Amino acid sequence: MCEQRKQEFTIVGRSERKVDGIALVTGKPKFVTDIDLSNMLYVKILHSPYAHARITEINTSRAESLPGVMCVLSSKNTPSTRYTTAGQGYPEPSPYDTRMFDTKVRFVGDRVAAVAAETEEIALQALKEIEVHYEELPPVLSVDAATALETAIIHDEKDASGIFDPARNISAKIDINVGDVTQGFAESDFIVETTCETQYAQHTPIEPHVVLSYLDEDGRLVLRTSTQVPFHVRRIVSYVLGIPLHRIRVIKPRIGGSFGVKQEVLLEDLAGLVTLRTDRPALIELTRQEEFVSTRTRHPMRIRVKLGAKRNGVLHAIEMEALSNTGAYGSHSLTVLSNVGSKTLPLYNKAKNVRFSGKAVYTNLPVAGAYRGYGATQGYYSLEVAMDELAGQLGLDPIELRRRNHIRCGESSPIFEEIGEGREGVAQTINSCELERCLEIGAKRIGWAKKRGSRTRNGSWVHGLGMSIHMQGSGIAQVDMGAATIKMNEDGSFNLLVGATDLGTGSDTILGQIAAEVLGVPLSKVIVYSSDTDFTPFDVGAYASSTTYVSGTAVKRAAEEVRGQIVEVAAAMLESDITSLAIKDEQVISIDGRSVTLAEACQRAMYQADQFQIGAMASCVQDQSPPPFMSSFAEVAVDTETGFVKIVDYVAVVDCGTVINPKMAQGQIEGALVNGIGYALSEVMLFSPTGRVQNATLFDYKILGALDIPPIDITLLDSYEPTGPMGAKSIAEIGINGPIPTIANAIYDAVGVRLTKTPFTPERVLSAIRSHST
């Protein structure tokens, strides 16, 4: 068992109001387009109408001659540098297979040209004046077609790099073996095998991609952009445009949602080049249709899982094989593929024989990228459905099967070391795990013992229960780095400068609470400023569930250093030993009761004696990536006449270490669950036979509305992660992994059919019911 170090906190553990909450609800100018620059140009993009074609000729002269058009860009007059749009740490593990504008288009929606004009209307008219001649090529519109012996090569360019096997359309490949899987299955008493398939889905943030570029008074390029990764944007734009990094400043204002889709550099290079060419501000704001067609999606996958177990219900062998559709470019292809195994297989560490293999293949469909869950969502679908099937074969309760096999505190898994995100992993031991309590509480709250298997019927509606368990991670061990700077002001307040990116998740508030806790002040005395490459220290950005654990540790370290400086100043003022002093309630207090305020200490340091600026910078790269854990339970009602699935109740119990801000943590889980329920039941991108997205509107693409959200019961367990700031670990992603397998298993409990392809639409469910009954 792991030690549970309980700590008493003053600010941490409280549902403090978000530091930007009032400004947001009162409509203060927080977002990219909330500033209006004079002389601004509007940029519109010409997208490919073909899934696969060569551009044999492009003539922009008529567009350029249109009054009000200031700049037209195409492959003829832009850099030919190959790069990746993936906002990842350098060197990026994604292939360099992209150009700003290419002479070949690889999906419907690919860039062909762009126009910058005085008005949007002129820019759109100019797009119509661009003449493009295409040589159509055979489109590759499925993973099966991509891997066929006779198929078109999507990336036949000679200057691309990092592609695993371009001749076979394989962007990335992985093959990991632990033990002997063949022997493991031969020694197993029970074997199940299942293959599940997930669909194309889009993030649908309320704010589409948008960037505003301009030159500052010193002629430096400023990019005010809706991004998760401002420092990666700066580096990649510098590389693509061939300008020094120090000549670029990236500002991340408030973001209207992301969920992973803005971990890319999709517009900043283009806006920046327009500004550099014209010396004028430039705005690019995608339409909703462009957001669907030309940004990023979740990787559709087909995943086969084979499980072997002994008669006692202990797993002996696991084999997982993934086939991932990365779309037209390889952004995040290797790392998402890696996570399919690395975030799922360690959960069942009792199996000593494990194999994980997979390929990410190119197709002439929209480009996949980072999406909340990042591969784990797809992996858990197949794994947890297979576990449910195995429980049936063994005659065990699904909860009991998981109890006999899940990882526990003090244990490890060889998978941690074998698989990282596009590289070898890092050996680690679980220091905190309350999964057993998650199972116990979740089962009780959903009524598992009473309801499961009862198949209660009300007319044509049949009820069933399903469950699954999950783990994720907290940052990328030995890769992700975050830094924080804190300086003290003479009124006893503090400026906290962080490169970490608040996407609306509330990370500015979380980091402010950590600083306030250490410094003994209310949150209102911590002024948080984030995500400006000129003024905040480096941070990789908001992804991989890293902010609280990695950036939060950097904040804690900086705050502790500042706290030490304050105590030293106060010790001189009180003529006391520093060991006899403590900071509390904005005061430094001696054990004899004497005290000085923080403001008095800062005033002495600034104006009176041994003067210096109280402040510090600290960084953090963690050696571990402690997983949060979750049990997921659902009661569904299935209409056997229509196939409609209604979620009657959803229960999630989560171990995320110390909960920094309970209300915000609950919001993260609730939002992730709703996102996952939509992905399970209704969200799907539909394509024409030529590869065109057919439902690129929020009317036709069915995300859950407020009236569709079922009752959701969330419990946050009190645990403690010793390597995390104040005992915290991540919470942002894990919730999205639960709904698909949980609902699939609940549908099986209700009507006895296994659904192995998402989404679980009424048509698909009804077809399965009818097939099962014949």
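Residues numbered from 1 in each chain as written. Predicted model: local features only at pLDDT ≥ 70, side-chain atom pairs only at ≥ 80, totals over all residues. Heavy atoms only, no water.

Asks: Give a detailed account of the packing of aromatic side chains, specifying residues and quantitative values.
Replies: Evaluation of the coordinates by the stated rule reveals 9 aromatic pairs. Relative to F633, the ring of W448 lies with its centre 5.7 Å away and its plane at 80 degrees, an arrangement referred to as edge-to-face. Linking W448 in helix 14 (residues 448–451) with F633 in strand 25 (residues 629–639), this pair joins segments that are 185 residues apart in sequence. You'll find W448 and F633 in the same group, each marked buried. Geometry around F101 places R111 over its ring, the cationic atom sitting 5.6 Å from the centre. (Phe/Tyr/Trp six-rings, centres within 6.5 Å; stacked < 30°, edge-to-face > 60°. Helix = DSSP H or I, 4+ residues; strand = E, 2+ residues; numbered from the N terminus. Buried < 20%, exposed > 50% of the residue type's maximum accessible area, 1.4 Å probe, protein only. Lys NZ or Arg CZ within 6 Å of the ring centre and 35° of its normal.)

Asks: Break down the environment of I318 for me, citing the residues and quoting the values.
Replies: Along the polypeptide, I318 turns up in strand 14 (residues 315–327). The spatial distance from the C-alpha of I318 to the C-alpha of Y348 is 9.0 Å, given a sequence separation of 30 residues. Contact partners of I318, with chain neighbours within four places excluded, come to V181, F185, K306, L307, L345, Y348, A351, N353, V354 and R355. (Contact = heavy atoms within 4.5 Å.)

Asks: Describe the pairing of strand 10 (residues 221–225), with residues and values.
Replies: Along strand 10, 5 of the 5 residues are buried, which leaves the element largely enclosed by surrounding structure. Burial of strand 10 is two-sided: the residues L221, L223 and T225 facing one way and the residues V222 and R224 facing the other way are all buried. Bridge count between strand 9 (residues 210–215) and strand 10: 5 bridges; the pairing is antiparallel. Looking at the pairing, Y214 lines up with V222 of strand 10. Pairing of strand 10 with strand 11 (residues 248–251) involves 4 bridges; the strand directions are parallel. Each residue of the ladder has a partner; that of L221, found in strand 11, is I248. At this point the chain moves from strand 10, through helix 6 (residues 230–241), to the parallel strand 11, and the crossover so formed is right-handed. (Pairing = 2+ DSSP bridges. Right-handed = clockwise from strand over helix to strand, strands pointing away.)

Asks: If you had to explain the side chain of E129 to someone new, which residues and values would you point to?
Replies: Residue position: E129 is located in the loop between helix 3 (120–128) and strand 6 (131–136). A polar side-chain atom of E129 sits 3.0 Å from a polar atom in the side chain of Q125. Not counting residues within four places of it along the chain, the set of residues in contact with E129 comprises N59, R62 and A63. (Polar contact = N/O pair within 3.5 Å; in protein donor to acceptor, adjacent residues only side chain to side chain.)

Asks: Kindly report on a nonpolar patch on the surface, identifying the contributing residues and their values.
Replies: A surface patch of nonpolar side chains, amounting to about 280 Å² of accessible area, comprises I22, L24 and V25. In this structure, V25 sits in helix 1 (residues 21–25). The class of V25 is exposed, set by a relative accessible area of 70%. (Patch = residues over 30% accessible without salt bridge, like charges linked within 9 Å, V, L, I, M, F, W, Y side chains within 5 Å. Areas by Shrake-Rupley, 256 points an atom, 1.4 Å probe, with all protein chains shown as cover. Salt bridge = Lys/Arg side-chain N within 4 Å of Asp/Glu carboxyl O.)

Asks: So what about helix 19 (residues 739–751)? Which residues, and what values?
Replies: Taking 1.5 Å per residue, 13 residues should reach 18 Å; helix 19 reaches 18 Å between its end C-alpha atoms and fits that length. Listed in full, the buried residues belonging to helix 19 are P739, I740, P741, T742, I743, A744, N745, A746, I747, D749, A750 and V751. (Expected span 1.5 Å × (residues − 1).)

Asks: Can you tell me about the sheet that holds strand 27 (residues 712–716), naming the residues and giving the values?
Replies: Reading across from one edge, 16-17-25-26-27 is the order of the 5 strands in this open sheet, with mixed pairing throughout. Looking at the sheet topology across the chains shown, the edges are occupied by strand 16 (457–458) and strand 27. Where strand 17 (residues 461–471) and strand 25 come together, 11 bridges link them in antiparallel fashion. Its bridge partner being in strand 25, M467 is matched across the sheet by F633. Where helix 11 (residues 398–405) meets the sheet, it contacts strand 17 and strand 25, and its direction lies at approximately 5 degrees from that of strand 17. Its contacts with the sheet put helix 13 (residues 435–446) on strand 17, strand 25, strand 26 (645–655) and strand 27, and the angle it makes with strand 25 is roughly 25 degrees. (Axes fitted to C-alpha atoms, helices over the stretch in contact; angles between N-to-C directions.)

Asks: Please provide a residue-by-residue account of the side chain of H155, values included.
Replies: Secondary-structure assignment places H155 in the loop between helix 4 (143–146) and strand 7 (170–178). Assessed through its relative accessible area of 2%, H155 is described here as buried. Here A328 takes part through its backbone oxygen, which lies 2.6 Å from a polar atom of the side chain of H155. The contact partners of H155, leaving out residues within four places of it in the chain, are D97, R106, I163, P166, N169, A328, Y329 and Y362.

Asks: Could you give an account of unusual backbone geometry, with specific residues and numbers?
Replies: With an omega dihedral of -5 degrees, the bond running from Y90 to P91 counts as a cis peptide bond. Mapped onto the elements, P91 comes out in the loop between strand 3 (69–73) and strand 4 (104–105). In this structure, P759 follows T758 across a cis peptide bond, with omega equal to 0 degrees. Mapped onto the secondary structure, P759 falls in the loop between helix 19 and helix 20 (762–773). For T204, which is not glycine, the phi dihedral falls at a positive 50 degrees. When you line up the elements, T204 lands in the loop between strand 8 (190–197) and strand 9. Of note, A544 is a non-glycine position whose phi angle comes to about 60 degrees, a positive value. By the secondary structure assignment, A544 is in the loop between strand 20 (526–530) and helix 16 (547–574).

Asks: Explain the pattern of salt bridges to me, using residue names and the numbers behind them.
Replies: Opposite charge on two side chains permits them to pair, given that their charged atoms come into close proximity. Under the definition given, this model contains 45 salt bridges. The partner of E193 in a salt bridge is R304, with the nearest N and O atoms 3.0 Å apart. Of this pair, E193 sits in strand 8 while R304 sits in strand 13 (residues 301–309); the two residues are 111 residues apart in sequence, bridging distant segments of the chain. Through salt bridges with shared partners, a single ionic network connects R82, R99, D102, R106, E157 and D159.

Asks: Lay out the nonpolar core with the relevant residues and their values.
Replies: L307, L315 and F633 are the most contacted members of the largest nonpolar core, which totals 60 residues. Counting residues per element, this core draws most heavily on helix 10 (residues 376–394), which supplies 8 residues. Grouped together as the second largest cluster of nonpolar side chains are 48 residues, A484, A516, V528 and C620 included. (Core = buried A, V, L, I, M, F, W, Y, C linked by side-chain atoms within 4.5 Å.)

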